[in-house]
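# Architecture and fold: a report
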Amino acid sequence: MDALNFNHELMKHSSFYNTNNPLDPEEFRRQGHMIIDFLADYYLNIEKYPVLSQVEPGYLRKRLPESTPYNPESIETILQDVQDHILPGVTHWQSPSYFAYFPSSGSIAGFLGEVLSTGFNVVGFNWISSPAATELESIVMDWLGEMLQLPKSFLFSGNGGGVLQGTTCEAILCTLVAARDQMLRRIGSQNMGKLVVYGSDQTHCSLQKAARIAGINPRNFRAVKTTKRTTFSLSPDSLRSAICKDIDAGLIPLFLCATVGTTSTTAIDPLGSLCDVAKDYGLWVHVDAAYAGSVCICPEFRHVIDGVEGANSFSLNAHKWFLTTLDCCCLWVKDPSALIKSLSTNPEYLKNKATDSRQVVDYKDWQLTLSRRFRSLKLWFVLRSYGVAKLRDFLRSHVNMAKLFERFVTSDKRFEIVVPRSFAVVCFRLLSPGMGKGASYANGTSTNGHTNGHVNGHANGHFNGHTNGKGDDHDHDHDDHNYMKEATTNEVNRKLLESINKSGRVFMTHSMVGGVFVIRFAVGATLVEEKHVITAWKVVQEHANAILSENY
């Protein structure tokens with residue numbers, strides 16, 4: 001073939017051949033197959049990549065051109081750059097050796113539902129803009145609500161209803177704004193500065209962010225202290241005490257966010273008792289089950305949301321532990337009109353007979369933005385492709401693998417479980433020599449005096465503790481010694497986690513609870529098997545051996 005004919009053939013099969021038609025069906029078919037093949041190979045070889053990206057900040061700017069290409073480039077060239085330059089900067093959330101944060105589980109059904117949603121590319125802000133997008137969402141939310149055995153009052157069939165938000169942050173903000181406006185209609189907008197929002201010191205930071213955006217006075221945000229004694233769940237008595245104190249100060253309790261499966265330790269707030277307290281004072285209760293809500297489709301875990309019937313709203317993230325790709329936050333409310341009154345817009349250009357008939361749902365009035373994606377397709381694909389039985393088996397397998405890792409930890413006297421495991425997250429740490437299991441200050445067993453100090457686990461290993469003990473000098477010395485032990489142990493575990501993650505073989509993250517630095521081992525990747533859990537434990541032991549031999 002001569003050069004002229006070769007170039008002609010190249011142009012025929014390159015992405016810039018059809019520049020006048022960016023949706024040419026045949027070119028779309030060709031490139032689409034290439035992308036699917038690329039991703040299939042990626043998953044086939046995903047274990048070859050370091051789980052945590054090992055690049056330095058700013059790496060990509062050094063690798064890519066300084067400006068947009070003037071002429072089109074082929075899909076082949078672009079995909080090669082993805083392989084050479086993008087993948088090194090990817091932390092592989094779908095790796096079977098990913099045990100960090102919470103999972104973002106994917107699946108064939110989730111991916112393909114997303115592809116179909118993106119392919120249709122509808123903007124389903126109201127019913128008429130794409131009736132199937134609205135009606136499928138309403139149906140799917142009732143399906144999933146029934147799987148969770150939510151009270152009928154949360155379902156469309158019981159005058160409640162569900163909506164797919166992007167994230168929990170959006171869900172909390174929407175419900176907080178609805179609660180705010182509902183309250184202000186009763187007490188007058190001049191009392192806005194008196195409204196108070198409650199959570200625990202383990203509640204996700206999105207609550208405080210939502211309160212700030214909703215105009216709640218920053219001084220009126222309450223992060224009620226939790227303790228190891230209550231496994232870091234929110235105590236109803238502590239909540240009531242905080243509410244009474246605020247009422248005595250002339251403030252107005254507004255909103256409580258209770259959590260099932262906190263970020264740090266997957267603690268479970270007692271919903272029934274908290275809702276009883278909230279009812280006494282007229283608070284809106286939102287239940288954040290972003291991580292753990294999914295597992296409640298299993299009968300043996302459903303009890304963790306007992307009492308939800310007393311709440312006003314409930315949400316979970318199907319994109320965490322339910323095989324549905326990001327983003328897909330499922331929010332149910334008992335009173336959709338509360339959302340609609342706060343979030344609705346009805347300009348002339350959106351008016352239509354279907355909306356005027358009041359026989360349809362316009363989801364634009366249930367969320368912050370006007371535009372919205374056809375998210376229900378991917379959740380529908382997941383529910384239909386796997387069914388209730390297989391989804392339950394998927395979730396149970398992760399819990400069982402977490403139990404396996406938990407047994408590994410408890411069998412090694414150098415380590416301890418810091419808080420009891422509730423779901424598929426194990427919170428553990430390496431003990432510094434001589435400390436012994438259960439002997440830490442944070443465990444409440446280390447002192448005869450009375451202390452209110454807090455360990456400061458920064459890299460220098462020092463502590464910042466203040467005592468008001470009533471014991472003798474020996475007690476104070478004992479307290480100081482234990483603070484130092486905790487600071488040392490925290491620093492050891494920081495080094496251990498950093499060393500593990502730098503290896504690229506597994507990826508875990510940490511949290512601080514009760515002054516204790518804990519390493520979190522979160523099982524939930526779709527591809528994870530027992531062999532990956534076994535390998536992860538071996539990696540932990542190898543790095544622990546190295547650190548202990550270097551320092552002790």
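Not measured: the values here are computed from a predicted model. (Residues numbered from 1 in each chain as written. Predicted model: local features only at pLDDT ≥ 70, side-chain atom pairs only at ≥ 80, totals over all residues. Heavy atoms only, no water.)

## Here we look at the sheet that holds strand E1 (residues 161–165)
Taken together, 7 strands build an open sheet; the order of strands is E1-E7-E6-E5-E4-E2-E3 and the sheet is mixed. The sheet is open, and its two borders are formed by E1 and strand E3 (221–224), each paired with just one other strand. For this sheet, the mean inter-axis angle between neighbouring strands, taken without regard to orientation, is 20°. Both strand E5 (residues 284–288) and strand E6 (residues 313–317) contribute to a ladder of 3 bridges, which runs parallel. Looking at the pairing, Asp288 lines up with Ser315 of E6. Where helix H7 (residues 168–187) meets the sheet, its contacts fall on E1, strand E2 (195–200), strand E4 (252–259), E5, E6 and strand E7 (329–333), and the angle it forms with E4 comes to roughly 155°. (Pairing = 2+ DSSP bridges. Helix = DSSP H or I, 4+ residues; strand = E, 2+ residues; numbered from the N terminus. Axes fitted to C-alpha atoms, helices over the stretch in contact; angles between N-to-C directions. Contact = heavy atoms within 4.5 Å.)

## Notes on the nonpolar core
Core analysis: the largest hydrophobic core is formed by 104 residues, its most contacted members being Phe314, Trp332, Leu379, Met508 and Phe521. Counting residues per element, this core draws most heavily on helix H14 (residues 376–411), which supplies 14 residues. Built from parts of two domains, this core gets at least three residues from each of domain 2 (123–372) and domain 3 (396–551). For Met508, the contacting residues outside a window of four places in its chain are Phe99, Ala100, Phe428, Leu497, Ile500, Asn501, Ile519, Arg520, Phe521 and Val540. (Core = buried A, V, L, I, M, F, W, Y, C linked by side-chain atoms within 4.5 Å. Buried < 20%, exposed > 50% of the residue type's maximum accessible area, 1.4 Å probe, protein only. Domains from an automatic or database assignment.)

## Considering the pairing of E6
Of all 5 residues that make up E6, 5 are buried, and the element is covered over most of its length. On E6, burial covers both faces: Ser313, Ser315 and Asn317 on one face and Phe314 and Leu316 on the other are all buried. Alignment of E6 against E7, held across 5 bridges, turns out to be antiparallel. Bridged to Asn317 within E7 is Cys329.

## Considerations on the UniProt feature "modified residue: N6-(pyridoxal phosphate)lysine" (unreviewed entry) in the chain
When the UniProt feature table is mapped onto this chain, "modified residue: N6-(pyridoxal phosphate)lysine" (unreviewed entry) is found at Lys320. Among the structural elements, Lys320 can be located in helix H11 (residues 318–321). On the accessibility criterion, Lys320 (18% relative accessible area) is buried. What Lys320 contacts, discounting residues up to four positions off in sequence, is Phe102, Pro103, Ser104, Ser105, Ala290 and Tyr291. (UniProt positions renumbered as here; feature names shortened; annotations may be inferred.)

## Side note on the packing of aromatic side chains
Inspection of every chain in the model, using the stated rule, returns 22 aromatic pairs. Aromatic pair Tyr42 and Tyr43: ring centres 5.0 Å apart, planes at 70°, arrangement edge-to-face. Here Tyr43 falls in the partly exposed class, since its relative accessible area comes to 26%. Ring pairing ties together the aromatic residues Phe99, Phe405, Phe408, Phe415, Phe428, Phe521 and Trp537, which thus form one cluster. The cationic tip of Arg520 hangs over the ring face of Phe102; the distance from NZ or CZ to the ring centre is 5.0 Å. (Phe/Tyr/Trp six-rings, centres within 6.5 Å; stacked < 30°, edge-to-face > 60°. Lys NZ or Arg CZ within 6 Å of the ring centre and 35° of its normal.)

## Topic: helix H10 (residues 271–281)
All buried positions along H10 are accounted for by Leu271, Leu274, Cys275, Val277 and Ala278. Seen from one end, H10 has its buried residues packed into an arc of 160°, which puts them on one side. The exposed set on the far side of H10, more than 90 degrees from its buried face, consists of Asp276, Lys279 and Asp280. Contact partners of the buried residues in H10: helix H9 (236–248), E4 and E5. With its phi angle positive at about 75°, Gly282 sits one or two positions after the end of H10. (Arc of directions from axis to C-beta.)

## Some remarks on the side chain of Ser432
Residue placement: Ser432 occurs in the loop between strand E9 (425–430) and helix H15 (473–502). Reaching out from Ser432, the side chain makes a polar contact with the side chain of Thr489 at a distance of 2.7 Å. (Polar contact = N/O pair within 3.5 Å; in protein donor to acceptor, adjacent residues only side chain to side chain.)

## Considerations on the sheet that holds strand E11 (residues 516–522)
Across the sheet, 4 strands lie side by side as E8-E9-E11-E10; this open sheet has antiparallel pairing. Edge positions in the sheet fall to strand E8 (415–417) and strand E10 (509–513), since each of these pairs with one other strand and no more. Sheet twist, expressed as the mean angle between neighbouring strand axes with direction ignored, is 40°. Alignment of E10 against E11, held across 5 bridges, turns out to be antiparallel. Within the sheet, the bridge partner assigned to His510 lies in E11 and is Ile519.

## Concerning the pattern of salt bridges
Overall, the coordinates contain 22 salt bridges when judged by the stated rule. Between Arg240 and Asp280 there is a salt bridge, with its nearest N and O atoms 3.1 Å apart. Of this pair, Arg240 sits in helix H9 while Asp280 sits in helix H10, placing them 40 residues apart in sequence. Judged by relative accessible area, Asp280 falls into the exposed class, the value being 51%. (Salt bridge = Lys/Arg side-chain N within 4 Å of Asp/Glu carboxyl O.)

## Quick look at the environment of Ala179
In this structure, Ala179 sits in helix H7. Not counting residues up to four positions away in its chain, the partners in contact with Ala179 are Leu254, Phe255 and Trp284.

## Description of the packing of H7 against helix H8 (residues 206–213)
As a packed pair, H7 and H8 sit with axes 9 Å apart at the nearest point and diverge in direction by 45°. One finds that H7 runs oblique with respect to H8. The element H7 and its partner H8 pack so that their crossing is right-handed. Residues Cys169, Ile172, Leu173 and Leu176 of H7 touch H8, and the partners they reach there are Ser206, Leu207, Ala210, Ala211 and Ile213. The residue makeup of the contact of H7 with H8, split by class, is 8 nonpolar, 1 polar and no charged. (Parallel < 35°, antiparallel > 145°, perpendicular 65-115°, else oblique. Left-handed = near helix turned anticlockwise from the far one by under 90°. Nonpolar A, V, L, I, M, F, W, Y, C, P; charged D, E, K, R; others polar.)

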